[in-house]
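Report on the structure
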Amino acid sequence: MGAHADHDMGHTVAGWTGTAVVTLGFAVAGAAFVAGSAPGLWAGAALVLLGAVAAWALHLAGRGKATGPRPPELRHWRTPDPAGRHGHPDCLGCRLAGRRTARAAAPAPVAGAAPAAAPAPGASARA
């Protein structure tokens, strides 16, 4: 066990792949900028975009993770996320892919309860 065995650092195949390809893209673009090569800059920008798309695709394939800590048995970076193919709640990447997961329903209002009072018009929010 490492020093952080009890902490979920979020290391996943999607995260490592995306980070490696984007880092390579920035290195290519930086070298091209120093060399004054416009095609090299475009190649670096394309690698950065490819890294973002690859990380997103791997996340959608279940090789990423949801926001927040995972259970200890799923923390190894090669362990696929069993809920990944169905979408994660509050995940922008899953929402962009059209995966909507059911959130916990808001509590229904109690019958006969008065609605929350609205602030008076012109009332200041300062205390």
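These figures come from a predicted structure and were not determined experimentally. (Residues numbered from 1 in each chain as written. Predicted model: local features only at pLDDT ≥ 70, side-chain atom pairs only at ≥ 80, totals over all residues. Heavy atoms only, no water.)

1. Here's the deal with the environment of G93
- With respect to the helices and strands, the residue G93 is situated in helix α3 (residues 92–96).
- Each C-alpha atom, one on G93 and one on L60, is 7.8 Å from the other, the two residues being 33 residues apart in sequence.
- Those residues in contact with G93 that lie beyond four places of it in its chain are W56 and L60. (Helix = DSSP H or I, 4+ residues; strand = E, 2+ residues; numbered from the N terminus. Contact = heavy atoms within 4.5 Å.)

2. As for helix α2 (residues 38–63)
- End to end, α2 covers 35 Å across 26 residues, agreeing with the expected 38 Å (1.5 Å per residue, within 8%).
- Those residues of α2 that sit buried are G40, G44, G51, H59, L60 and G62.
- Looking at where α2 begins, the residue whose side-chain oxygen comes 3.1 Å from the main-chain nitrogen of G40 is S37. (Expected span 1.5 Å × (residues − 1). Buried < 20%, exposed > 50% of the residue type's maximum accessible area, 1.4 Å probe, protein only. Polar contact = N/O pair within 3.5 Å; in protein donor to acceptor, adjacent residues only side chain to side chain.)

3. Considerations on the confidence of the model for the protein
- Here the protein averages 75 in pLDDT, while 65% of its residues score no lower than 70.
- The weakest mean pLDDT in the protein belongs to α3 at 72; the strongest belongs to helix α1 (residues 13–35) at 94.
- Long-range and interchain partners of residues 104–108, a stretch whose pLDDT sits below 50, account for zero contacts in this model, where long-range means more than four residues apart. (pLDDT = per-residue confidence, 0-100.)

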